Amino acid sequence: GLPAALPALPLELTVLYNSLLFTMGASDSAVKAEAEGIRQCLLRVLEACGVCGQDLSTEELWQKVLQEVTVEELQGPLHQLGALQAAWWLAASRLESTAGLFRLLSNNEDSGRARCSRGENELLSLLKAWQVPAEVASLPLVQSAEELKEILCTAAAFLQGLQELEAGNFPAALSLLQEAAGGFCSKRVLAQIYTCLGCCAQQMSKPQTALQHLKRALQVDFQCLPALSHVAAVYHQLGETEAELQALALLYEALEKNAPGAASSSPYFLIRTELLVDVPILASLLRHRHPSEVKYLLAQRCLQDGRVDDAVEHYLDFLALLQEGLQQQVPLDGGSALPRIPEVFLEAASALEQAGRHQDAITMCEEVISRTTDLIPRMLQVEERLQQPECPSLGAGLSQKKESLCCLAWRAAGYLHQGWAWATLGESKEAITQFSRCLGNLLRVQLYGSGVEPTEDLLPEVEVLQKIRLLSLIGRGMQFLEQGRHKEALLDFQHGLQISPGDPTAAPYMVQALWKLDRKQEAAAHWQKLSQSPPGENEQGRPVPLYLASCLKQAAFPLGESLARSIRDYLGTQRANATS
């Protein structure tokens, strides 16, 4: 409440600087509300000089103070307070305000812009050009302005590098992050910077450079486990499955042993780089995976690579974790590696099936079927494109429809896997029953309403349902062929071609059925048409879910060469008869 007095202001500004440093350091984050203390102090400085500034913004207030106040004793405390103001603005990502302040502190409007025109970063140039006033021995500081300058330089480079990375300007991001890596920070932050450099290099299609940066991050701070997660992702991109699995196994082991903890971050500095750089993209790049997510990734990669025994082990471990309350431990958001739980069960069933554990696969699928039965409406129609998708009620209806389609696909896939499992066990009758249940289940949905294709929002779910229907028809048709029920088999294969005309999977089976029905002329005509199609010409649509991959393998036509030989012999005989 005392009136402002010029002789006491240097002490007053220094006390405020020190107290705000303690407040910011103790809070472990940049408390922006505390910046109001700086504003009030600037107003007192103007008051002491007989100038009013109540209606000015903080930026305008700094400009007026630095222009109006020429008292030599106030220059050092004002510069120190300015550095602290810059720290708050950096923490709020207010880069323009920060650059403007340092132009004023350097008393040179053109210095930063001149360097920027030569390709240098303006804010970094201004920070480096700022001359820190000498400290006064009678006014000790808990953290010197020179130390704060170094931290501001590192934070500014790191923050701008992250912004460029998010914007997709990778060369600029790489340059700024390299600048930050050479700055003043703790080992923990340095490891984070190297991790971001690795992610940037990966985006630039430089995987080997990315690996170098990520390994450097782990050398600097072995607790920087997100770097190890990114290492696995780079190896996945390179197709080096063995190295990827080793990285994931190390990550899982490290996560199991220790919960992610904070490495030493130089606690004797109250203002630290990590307090000033707290943006969503950094949190995303440094997200710590839950051990269960890594366990699932191990299972998934093993299944994709055909290591079915290892995949089974990992899937069963993951499902055991599920029983321990995984859903409460891992947020199933966009950043999580986990798919929907029924898909995990179906992937596990696929792994069990490929490992020869058919009864276990059947049991696993029964769990999916029983859990989804009550979630599917009696009839579900996929209509044409919604006219007003921005309407909240229509959006909610679309979301509910997508959910119902997913449940329908999971249940149908459960029957599909059971059908293939029973077929492999030689139980044709039971296999036909399960394939028929799968097809009957799919009758609940009209895939095309009013004669038009479904809305784009529902197309992925609809394509999965079409693929399941096709695979089930092929599976049932194959069993009919084994039982000598060739007409019924032909109907299934023809139906498969009708619902997926661009998919070549059912075509050779239809040729085989025609051949067995002694309709050899038709079989030969279809075979010639099929053999003249360029490879891959008819393969359309999105990649199938992982849980259907084994069914696709089982549906592959096994007798291509022998059937082709029989048809060639037949055609040769026909030509010979025609010329004789």
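None of the values given here were measured: they were computed from a predicted structure.

Trainee: I tried to follow the overall build of the protein chain on my own but got confused; where do I start?
Mentor: Of regular secondary structure, the protein chain possesses 28 helices and two strands. Put simply, the protein chain has 580 residues, and 51% of those count as buried. In the protein chain, the share of contacts with a sequence separation of at least 24, taken over all contacts with a separation of at least 6, comes to 69%. Summed over all atoms, the accessible surface of the protein chain reaches about 27400 Å², with 50% contributed by carbon and sulfur.

Trainee: Before we go on, may I ask you to explain helix H5 (residues 95–106) in this structure?
Mentor: An α-helix turns once every 3.6 residues. As a result, residues three or four positions apart point the same way. Across its twelve residues, H5 extends 16 Å between first and last C-alpha, which sits within 8% of the 16 Å expected from 1.5 Å per residue. For H5, the set of buried residues is Leu95, Ser97, Thr98, Ala99, Gly100, Leu101, Phe102, Arg103, Leu104 and Leu105. Where H5 ends, the next residue or the one after it, Asn107, has phi of about 55°, a positive value.

Trainee: I would appreciate a short explanation of unusual backbone geometry in the present structure.
Mentor: Phi is mostly negative for residues that are not glycine, and the peptide bonds are mostly trans. Positive phi is not limited to glycine here, since Ser93 has a value of about 60°. Positionally, Ser93 belongs in the loop between helix H4 (72–91) and H5. A residue is classified by how much of its surface remains accessible, and Ser93, at 29% relative accessible area, is partly exposed. One non-glycine residue, Ser205, lies in the positive phi region at around 60°.

Trainee: How should the nonpolar core be read in this particular structure?
Mentor: Membership of the largest hydrophobic core comes to 184 residues, with the highest contact counts inside it found for Leu152, Phe158, Tyr315 and Ile468. Broken down by element, this core gets its largest block of residues, 14 residues, from helix H21 (residues 392–424). Taken domain by domain, this core gets at least three of its residues from each of domain 1 (1–107 + 122–132) and domain 2 (339–384 + 399–449 + 458–514). In contact with Ile468, not counting residues within four places along its chain, are Ala409, Ala412, Ala413, Leu416, Cys438, Leu442 and Leu548.

Trainee: Help me understand the packing of aromatic side chains, please; the structure alone is not making it clear to me.
Mentor: To describe a pair of aromatic rings, one takes the distance between the centres and the angle between the planes. One pass over the full model with this rule turns up seven aromatic pairs. Geometrically, the ring pair formed by Trp420 and Phe435 is edge-to-face, given 5.3 Å between the ring centres and 80° between the ring planes. Taken together, the residues Trp420 in helix H21 and Phe435 in helix H22 (residues 428–442) connect sequence positions 15 residues apart. The same class applies to Trp420 as to Phe435, namely buried. Ring centres of Tyr509 and Phe557 lie 4.9 Å apart, and the angle between their planes is 90°; this geometry places the pair in the edge-to-face category. Here Phe557 lies in the loop between helix H27 (549–555) and helix H28 (560–579) and Tyr509 lies in helix H25 (residues 507–516), a separation of 48 residues in the sequence. Summarising the burial analysis for this pair, Tyr509 and Phe557 share the class buried. Three or more aromatic residues joined by ring pairs make a cluster, and in this case those are Tyr296, Tyr315 and Phe318.

Trainee: In this structure, what is going on with the side chain of Thr14? I would like to understand it.
Mentor: Among the secondary structure elements, Thr14 is positioned in helix H1 (residues 9–27). Beyond its immediate sequence surroundings of up to four residues, Thr14 is in contact with Pro77, Gln80, Leu139, Pro140 and Leu141.

Trainee: Would you explain the confidence of the model for the protein chain in this entry?
Mentor: Segments scoring low in pLDDT should not have their predicted coordinates read at a detailed level. When pLDDT is averaged across the protein chain, the result is 84; 83% of the residues are at 70 or more. Per-residue pLDDT stays below 50 along residues 384–390; that stretch engages in nine contacts with residues further than four places along the chain or on separate chains. In this model residues 448–452 is a low-confidence stretch, pLDDT under 50, and it forms ten contacts with partners more than four residues away in sequence or in other chains.

Trainee: Just checking my understanding: could you explain helix H17 (residues 308–323) for this structure?
Mentor: Here H17 is 16 residues long and its end C-alpha atoms lie 22 Å apart, about the 22 Å a rise of 1.5 Å per residue gives. Among the residues of H17, Val308, Ala311, Val312, His314, Tyr315, Phe318, Leu319, Leu321 and Leu322 are the ones counted as buried.

Trainee: Which parts of the structure should I look at to understand the pattern of salt bridges?
Mentor: Two side chains carrying opposite charge are able to pair once their charged atoms lie near each other. This model, assessed by the stated rule, comprises 21 salt bridges. In this structure, Glu68 engages Lys64 in a salt bridge whose closest nitrogen and oxygen atoms are separated by 3.8 Å. Here the residue Glu68 and the residue Lys64 both occupy positions in helix H3 (residues 58–68), the gap between them amounting to four residues, near one helical turn. Using a relative accessible area of 40% as the deciding quantity, one classes Glu68 as partly exposed. Residues Glu367 and Arg371 are paired through a salt bridge, measuring 2.9 Å at the closest nitrogen-oxygen approach. Within this pair, Glu367 and its partner Arg371 are both found in helix H20 (residues 358–372), separated by four residues, close to a single helical turn. Under the relative-accessibility criterion, Glu367 is labelled partly exposed at 30%. Owing to a relative accessible area of 61%, Arg371 belongs among the exposed residues under this scheme. If you follow the salt bridges from partner to partner, you end up with Glu242, Asp305 and Arg307 in one network.

Trainee: Before we go on, may I ask you to explain the side chain of Glu347 in this structure?
Mentor: Structurally, Glu347 can be placed in helix H19 (residues 341–354). Despite being buried, Glu347 has no salt bridge partner; Arg301 is the closest side chain of opposite charge, sitting 8.7 Å away. Within polar-contact distance, the side chain of Glu347 engages the side chain of Tyr296 at 2.8 Å. Among residues more than four places away in sequence, those in contact with Glu347 are Tyr296, Leu303, Tyr315, Pro339, Leu546 and Tyr547.

Trainee: Teacher, can you tell me more about the state of the cysteines here?
Mentor: Taken as a whole and judged by the stated rule, the model has zero disulfides. Its sulfur unpaired, Cys199 is 6.1 Å from the next cysteine sulfur, which belongs to Cys196.

Trainee: Please clarify how the packing of helix H16 (residues 291–304) against H17 should be interpreted in this entry.
Mentor: The angle between the axes and the distance between the axes are what describe a pair of packed helices. Relative to each other, H16 and H17 sit at 155°, their axes nearing to 8 Å. Accordingly, the angle class assigned to the pair H16 and H17 is roughly antiparallel. For the pair H16 and H17, the crossing hand works out as left-handed. Only Asp310, Ala311, His314, Tyr315, Asp317, Phe318 and Leu321 of H17 make contact with H16, whose side of the interface consists of Ser292, Lys295, Tyr296, Leu298, Ala299, Gln300, Cys302 and Leu303. Residue composition of the contact of H16 with H17, by class: nine nonpolar, three polar and three charged.

Trainee: Explanation requested: the environment of Lys215 in the structure shown.
Mentor: Turning to its location among the elements, Lys215 is positioned in helix H11 (residues 207–220). On a C-alpha basis, the gap between Lys215 and Thr195 in space is 8.6 Å, while along the polypeptide they are 20 residues apart.

Trainee: Explain the environment of Pro7 to me, please; I cannot follow it from the model alone.
Mentor: Mapped onto the elements of the fold, Pro7 is located in the segment before H1. In this structure the C-alpha to C-alpha distance between Pro7 and Leu74, which are 67 residues apart in sequence, comes to 9.3 Å.

Criteria and thresholds
Residues numbered from 1 in each chain as written. Predicted model: local features only at pLDDT ≥ 70, side-chain atom pairs only at ≥ 80, totals over all residues. Heavy atoms only, no water. Helix = DSSP H or I, 4+ residues; strand = E, 2+ residues; numbered from the N terminus. Buried < 20%, exposed > 50% of the residue type's maximum accessible area, 1.4 Å probe, protein only. Contact = heavy atoms within 4.5 Å. Areas by Shrake-Rupley, 256 points an atom, 1.4 Å probe, with all protein chains shown as cover. Expected span 1.5 Å × (residues − 1). Core = buried A, V, L, I, M, F, W, Y, C linked by side-chain atoms within 4.5 Å. Domains from an automatic or database assignment. Phe/Tyr/Trp six-rings, centres within 6.5 Å; stacked < 30°, edge-to-face > 60°. pLDDT = per-residue confidence, 0-100. Salt bridge = Lys/Arg side-chain N within 4 Å of Asp/Glu carboxyl O. Lys, Arg positive; Asp, Glu negative; His and termini not counted. Polar contact = N/O pair within 3.5 Å; in protein donor to acceptor, adjacent residues only side chain to side chain. Disulfide = S-S within 2.5 Å. Axes fitted to C-alpha atoms, helices over the stretch in contact; angles between N-to-C directions. Parallel < 35°, antiparallel > 145°, perpendicular 65-115°, else oblique. Left-handed = near helix turned anticlockwise from the far one by under 90°. Nonpolar A, V, L, I, M, F, W, Y, C, P; charged D, E, K, R; others polar.

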